[in-house]
Amino acid sequence: MSERTGGTPPRTLAEALRTRDDDALAALLRTRPDLLSPVPNDLSQLATRAGTRASVMRALERLDRFTLQAAEALAASTDPAPYEALLALMTGDEGEPGVEAALPRAVAALREQALIWGGDDRLRLVRTAREILAPSPNHPSPTGLGPTVAEATAGMSPGRIQEIITTAGLPSTHDPVSAVTALAALFTDRTRMAALLDTAPPDALTVLDRLVWGPPYGEITSKPAPPVQWLRDHGLLLPTSTRTVVLPREAALHLRGGRAHRIAEPEPPAILPHPSASSAASTAAGRPQVVDSAAAAQAYTALETIEELAKEWNEGGPNVLRAGGLSVRDLKRTATALDVTEPVAAFWVELAYAAGLLAADGEAGERYAPTPAYDQWPDLPPAERWARLATAWLGATRTSGLVGGQDSKGRTLAALGPDLDRGAAPEVRRHVLDLLASLPNGIAPDPESVLARLRWERPLRGAAAGRPEDLRARIAAWTLNEAEMLGVTGRGALSSHGRALIAPDAVAGGAMGAFPKPASRAATGADLPAAGLHAARALAPHLPEPLDHVLLQADLTAVAPGPLLRPLAETLSVIADVESRGGATVYRFTPASVRRALDAGQSASDLHAFLAAHSRTPVPQPLSYLIDDMARRHGHLRIGSASAYVRCDDEAVLEEILADRRSQGLRLRRLAPTVLAAQADPTTLLDGLRAMGLAPAAESAEGDVLVTRAHAHRTPPRTPPVPVPDGPPVPAPTLLGAAVRAIRAGDQAATVVRKTLPEPAEAAPARGDLPRTTSAETLATVQAAALTGSALWIGYVNAEGAASQRVIAPVRVEGGFVTAYDHTADEVRTYPLHRITGVSELADDPA
């Protein structure tokens, strides 16, 4: 697109923007939404804002590698530069068809974002972008080019410049400007430059080879070697200080064959299949059915892990640090309870927090606990529960991979802490999944090819970070691992429900199954996004049906060959301890676990009946003996509050307790043949006697056995954390249309030709100033415009004292107010006449 006005090239960026139509302006504001905060008054203000360093830097960071290479090449060229010069810098002397075909797209992208302007014969890079990208000693260019001959010789004496051109075989001149021009012309002349290099010593060419692709600067001694001295004498190395020389840009471009970059990358790197996908042994593992099954199994594990975490914190979880977040010790304790590593535990904790299932209770001695939303969450269908986790993960800006690292002040970042939000995380996660979706179903990608693609798409962010792996690359690597743990991918490949999560329209409704009947109104999924509902329906057929039985074994274990019905799983988790999880969960019965069931109010007959009803194998004799033995001993001792006491009908048992050295810390004494008193509290006394191998039971003040039940602790109602945006959000089409109309109207008010009212010349308003007229003149002009239907240019000061220029078409004038159609706001408004500073007729009707 050539930006011209009636055949005249635009002189400024503002003039270039005025030649654009409304769609082109809307495209600019869509790609650079920071320009809309607030809406510019006119196109001049829009151009000024588009040239600020912060806005330009933000725009450059969102360019892909090839478009950025085109901008870098333009920064190393003349200003302005014709399109042919840019093409020569990108393709070199030999040409490159792929680069030549892709360059118009890159130029169009730069022009659309107002980073360049002007026609193809006069391409101009925005001044701020040129300052950022142009080669300089303080900010080396990625092109590896150095300063031009004119820039490098700026501080050189005229005599020295004459010596250089004479040595290079050029005639002497009368002034340094023409001498510098002659030297630059020599370096850009392919024939004469080749002839000059043919006379260079071989070692001098070796020196140039080391500098040609950058960095172009080198250090020399006070007595340089002959090859270096030859290069200095002929101007191929120009001094920048007493000990530093630089290869001029024109000479470097000749040595490079005219190319600004060693390798131009017009096309993004392809996403390659994982190396193992090519082997015959992995062919079956790459089938979509196997991927979906593996992902569904991991999805169910994710649900179990979240439930285990909530159960662990059910009675009140870890305390909140003063600075916010979990302490290292509490994170380690949580990881042990979940049987995972600490980074993985941080992921599950952050995921539950992002889904609104865990939060801080906000009370004195603040600690973490499940939220009221968790009480409804277990009643939802498993597929919908997973969809809520997946959508929360996909849109969350909290980044668990940062846990354990340090912030800019050297402080350790804690899980659930305040400094884990990264605005780029949702965009990177979604884009990584999009890249996985570009491969055939069931094929896992090579992680390195995914990272290479991301580096191509956002190269400047990695360079700005100052390290090989920038934040986007780290988030991408974490995304691949987290998607596998969550069940979005299976065996590294994107599952069918993962595809539905990012592209719900790509999954046929008939193939997605249906939800089980919801247990309550909350289970209908009405508050789930459409993508979450599609993903849940795609996952539902792959989830295993809950089982109503276990397999009891003689080694005091029970094997659950799949997920269990909720009542069965909850009761079994009280009677036995979970020993291992996976495709099959292993429970182990221990004296402590059986005592826990008895403390919860179960009897031995209840336990025998429960196991017999839910075991596909006979109840092993050792397990029956364990239950009967613990039931016989349970409650034989009774502990109450005196401070605390122990009573037992068997005096011999009390004698054994008093004789045991382990009871000395409890400070027991006999009150009666069947009663011992202690100075410890009942809970401490219970724990102490249990540590001695006894099975005491707590009793109430009336002598009844106390049934121990977990006390659920819940936070007040909490909403999930709000994602932190990565810069201004992309504006909606309605906002874009209104903004374009307002900018057009404001620009018209600032640039339209106006008629001047008869008044002294010194009082006439200057272009860009508010018009000034008397109250009588203002009223008369507005009334006349209302009768004729003409438009006026007015100056207006609102109630806050903010002044603005507007173009209005008066409709009615009465009661000290004028009702008019405001072209700036694109709506009918009413203005108090006393707030209008003045009016001026327009030379042409803007309508």
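This structure is a prediction, so every number in the text was calculated from the model and none was measured. (Residues numbered from 1 in each chain as written. Predicted model: local features only at pLDDT ≥ 70, side-chain atom pairs only at ≥ 80, totals over all residues. Heavy atoms only, no water.)

Break down the pairing of strand E16 (residues 669–672) for me, citing the residues and quoting the values.
Looking at chain direction, E16 and strand E17 (residues 675–678) are connected through three bridges and run antiparallel. Within the sheet, the bridge partner assigned to Ala-672 lies in E17 and is Val-675. Where E16 folds back on E17, the antiparallel hairpin that results is connected by two residues. (Pairing = 2+ DSSP bridges. Helix = DSSP H or I, 4+ residues; strand = E, 2+ residues; numbered from the N terminus.)

Describe the sheet that holds strand E20 (residues 803–814), listing the residues and the values that go with them.
A sheet is described by the order of its strands in space; here five strands give the open sequence E22-E21-E20-E19-E23, paired in antiparallel fashion. If you trace the sheet from one side to the other, it starts and ends with strand E22 (827–832) and strand E23 (836–841), each paired once. Averaged over all neighbouring strand pairs, the angle between strand axes comes to 45°, with direction disregarded. Pairing between E20 and strand E21 (residues 817–822): six bridges, direction antiparallel. Within the sheet, the bridge partner assigned to Glu-814 lies in E21 and is Phe-817. Of the strands in this sheet, strand E19 (792–797) and E20 are in contact with helix H33 (residues 733–751), which crosses E20 at around 95°. Contacting E19, E20, E21 and E23, helix H34 (residues 775–788) crosses the sheet at an angle of about 65° to E20. (Axes fitted to C-alpha atoms, helices over the stretch in contact; angles between N-to-C directions. Contact = heavy atoms within 4.5 Å.)

I'd like a description of the nonpolar core, backed by residues and values.
One finds Leu-29, Leu-46, Leu-60, Phe-66, Leu-103, Phe-187 and Leu-236 to be the most contacted residues of the largest nonpolar core, which totals 93 residues. With seven residues, helix H5 (residues 65–75) is the largest single contributor of residues to this core. Contact partners of Phe-187, with chain neighbours within four places excluded, come to Val-149, Met-193, Leu-196, His-234, Gly-235, Leu-236, Pro-248, Glu-250, Ala-251 and His-254. Counting residues in hydrophobic clusters, the runner-up holds 70 residues, among them Leu-309, Leu-380, Leu-389 and Leu-501. (Core = buried A, V, L, I, M, F, W, Y, C linked by side-chain atoms within 4.5 Å. Buried < 20%, exposed > 50% of the residue type's maximum accessible area, 1.4 Å probe, protein only.)

Please give an account of H5 that cites residues and values.
Of all 11 residues in H5, 10 are buried, a share of seventy percent or more. Among the residues making up H5, those that are buried are Phe-66, Thr-67, Leu-68, Gln-69, Ala-70, Ala-71, Glu-72, Ala-73, Leu-74 and Ala-75. The residue sitting at the N-terminus of H5 and contributing the capping side-chain oxygen is Asp-64; that oxygen lies 3.1 Å from the backbone nitrogen of Phe-66. (Polar contact = N/O pair within 3.5 Å; in protein donor to acceptor, adjacent residues only side chain to side chain.)

Talk me through the side chain of Arg-806; I want residue IDs and the actual numbers.
Of note, Arg-806 is situated in strand E20. Residue class for Arg-806 comes out buried when judged on its relative accessible area of 16%. In this structure the side chain of Arg-806 is engaged in a polar contact, spanning 3.4 Å, whose partner is the side chain of Ser-804.

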